[in-house]
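Topology and contacts: notes
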Amino acid sequence: MTEILISEVGPRDGLQSIDRVMPLEAKKRWIAAEAAAGVKEIEVGSFVPPKLLPQMADTAELVKFARGIDGLTVVTLVPNAKGAQFAADAGVDGMSIPFSMSETHSIKNVRKDHPAMIEEIRAAASIAKEHGIHFAVGLSTAFGCTMEGAVAEDQVVRLAGQAAEAGALEFSLSDTTGYADPAQVRRLTRKVKAAVGDDMLTTLHLHNTRGLGLANVVAGLEEGITTFDASLGGLGGCPFAPGASGNLVTEDLVLMLNSMGLKTGINLEELLKVRSIIEEALPGEPLYGFTPDAGPMLDYPERVAA
């Protein structure tokens, strides 16, 4: 049975996109409950200036808490080398830095053009290596940008190669704006793998903005992708990319993968209960997903066993 890793990004990508700040204790309950349901990796926050994203001000405390949960890989996003140092000091298992393939988005998101971002990647990779931390680069807006429009696939390949030379250990292709379609996912995955190596591109970060999220997951599976980011209740998007709503819904992704006979290690019934923590802490915040409304299929245990 093929093992698929679902990386929960809601505590970072989800919460950074809403105005309210979720209380620290509620975040802890959320992380602990997902881990208890079988989620093996959680992006608990990001080390960005609190004045920019006050929702992430307690990330160091969350890292300390999450590191105490057996079997959980604790990762954070870092925008630059300074953030990488904060993450290393906090004791993360892994960190990722977003590298926008759209230079316009890069300048808006992290205030750096492409050459400057390569140097930040190089510096962050050095910090991660010094502390024995896994270092990944997220190739964001790889499938298109709400500011620039189409992003040339050759540009994505070229920048991925530069990031690999600068010290990236792993890549993800990120559909930051929800523009990807299955054919594009297959094509770009193949091109980037050919440039950096099959073992270097393992992850897709997909949005469901236009309803193609799960179809894009299937396309990724067919190209050997083994890790998918998702957010409980579909919370989040990108606050610096207009119109980029709709993270892939963790609950729907788990239902599909488990039903396909793939091994996620996640108990869907327990995962569905976690939504109540968000509903209680952020009353009225829209949550999405077909599975939470319809429930697991009646023959779900037998389908998984088969």
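Residues numbered from 1 in each chain as written. Predicted model: local features only at pLDDT ≥ 70, side-chain atom pairs only at ≥ 80, totals over all residues. Heavy atoms only, no water.

Below, the discussion takes up the overall build of the protein chain. If you tally the helices and strands in the protein chain, you get 13 helices and 8 strands. Expected size for 306 residues packed as a compact globule is a radius of gyration near 19 Å; at 18 Å, the protein chain falls within 12% of this value. If you line up the protein chain on its principal axes, its C-alpha atoms span 50 × 40 × 35 Å. Across the 306 residues in the protein chain, those meeting the buried criterion constitute 56%. As displayed, the protein chain offers around 12,400 Å² of accessible surface, 53% of which is attributable to carbon and sulfur atoms. (Helix = DSSP H or I, 4+ residues; strand = E, 2+ residues; numbered from the N terminus. Rg over C-alpha atoms; globule rule 2.2 N^0.38 Å. Buried < 20%, exposed > 50% of the residue type's maximum accessible area, 1.4 Å probe, protein only. Areas by Shrake-Rupley, 256 points an atom, 1.4 Å probe, with all protein chains shown as cover.)

What follows is about the layout of surface pockets. When its volume is computed, the second largest pocket comes out at roughly 410 Å³. Looking at the second largest pocket, it is lined by 24 residues, and the ones nearest its centre are G234, G246, N247, V249 and Y288. Of all the elements in the fold, those that place two or more residues in the lining of the second largest pocket are α9 (213-222), α10 (250-259) and α12 (290-294). (1 Å grid on protein atoms, 1.4 Å probe; cavity = no way out; pocket = protein on both sides within 12 Å on 5 of 7 lines; lining within 4 Å. Points joined across faces, edges and corners; volume = space filled by probe spheres on them.)

Our focus in this paragraph is a positive patch on the surface. The grouping of K51, K82, K108 and R111 at the surface amounts to a positive patch. On the basis of relative accessible area, R111 is assigned to the exposed category, the value being 66%. (Patch = residues over 30% accessible without salt bridge, like charges linked within 9 Å, V, L, I, M, F, W, Y side chains within 5 Å. Salt bridge = Lys/Arg side-chain N within 4 Å of Asp/Glu carboxyl O. Lys, Arg positive; Asp, Glu negative; His and termini not counted. Charge placed at Lys NZ, Arg CZ, Asp CG, Glu CD.)

Close contact between helix α4 (residues 81-90) and helix α6 (residues 114-130) brings their axes to 8 Å; oriented N to C, the two are set at 15°. By the angle between their axes, α4 is roughly parallel relative to α6. The element α4 and its partner α6 pack so that their crossing is right-handed. Contacts between α4 and α6 involve A81, A84, Q85 and A88 from the first element and E120, A123, A124 and I127 from the second. Looking at side-chain class alone, the contact of α4 with α6 contains 6 nonpolar, 1 polar and 1 charged residues. (Axes fitted to C-alpha atoms, helices over the stretch in contact; angles between N-to-C directions. Parallel < 35°, antiparallel > 145°, perpendicular 65-115°, else oblique. Left-handed = near helix turned anticlockwise from the far one by under 90°. Contact = heavy atoms within 4.5 Å. Nonpolar A, V, L, I, M, F, W, Y, C, P; charged D, E, K, R; others polar.)

Another aspect to go through is the pairing of strand β3 (residues 73-77). Burial analysis of β3 places 4 of its 5 residues in the buried class, the great majority of the element. Pairing analysis gives 5 bridges linking strand β2 (residues 41-46) to β3, with the strands arranged parallel. Paired with G45 across the bridge in β3 is T76. With respect to chirality, the unit in which β2 leads through helix α3 (residues 59-66) into the neighbouring parallel β3 is right-handed. The pairing of β3 with strand β4 (residues 94-100) spans 3 bridges and is parallel. Following the sheet pairing, V75 is matched in β4 by G94. In this fold, β3 hands off to α4, which returns the chain to β4; that crossover is right-handed. (Pairing = 2+ DSSP bridges. Right-handed = clockwise from strand over helix to strand, strands pointing away.)

In this section: the environment of Q184. Locating Q184 in the fold gives a position in helix α8 (residues 182-196). Q184 gets classed as buried once you look at its relative accessible area, which sits at 11%. For the pair formed by Q184 and F143, sequence separation is 41 residues and the distance between their alpha carbons is 7.6 Å. Apart from residues lying up to four places away in sequence, Q184 is in contact with F143, E153 and Y179. Polar side-chain contacts of Q184 include one of 3.3 Å to the backbone oxygen of F143. (Polar contact = N/O pair within 3.5 Å; in protein donor to acceptor, adjacent residues only side chain to side chain.)

Spatially, 8 strands are ordered β1-β2-β3-β4-β5-β6-β7-β8 in a closed barrel, and the strand pairing comes out parallel. In this sheet, neighbouring strand axes are inclined to one another by 25° on average, regardless of whether the strands run parallel or antiparallel. Across 3 bridges, strand β7 (residues 201-205) lies against strand β8 (residues 227-230) in parallel orientation. Paired with H205 across the bridge in β8 is D229. Of the strands in this sheet, β4, β5 (134-140) and β6 (170-174) are in contact with helix α7 (residues 153-166), which crosses β6 at around 150°.

Positive phi is not limited to glycine here, since R111 has a value of about 65°. Tracing the backbone through its elements, the reader meets R111 in the loop between α5 (103-110) and α6. Positive phi is not limited to glycine here, since T141 has a value of about 50°. By the secondary structure assignment, T141 is in the loop between β5 and α7.

Moving on, we get to the confidence of the model for the protein chain. Scored by pLDDT, the protein chain has a mean of 93; 94% of the residues are at 70 or more. For residues 238-244, every residue scores under 50 in pLDDT, and the model assigns this stretch 24 contacts once sequence neighbours within four places are set aside. (pLDDT = per-residue confidence, 0-100.)

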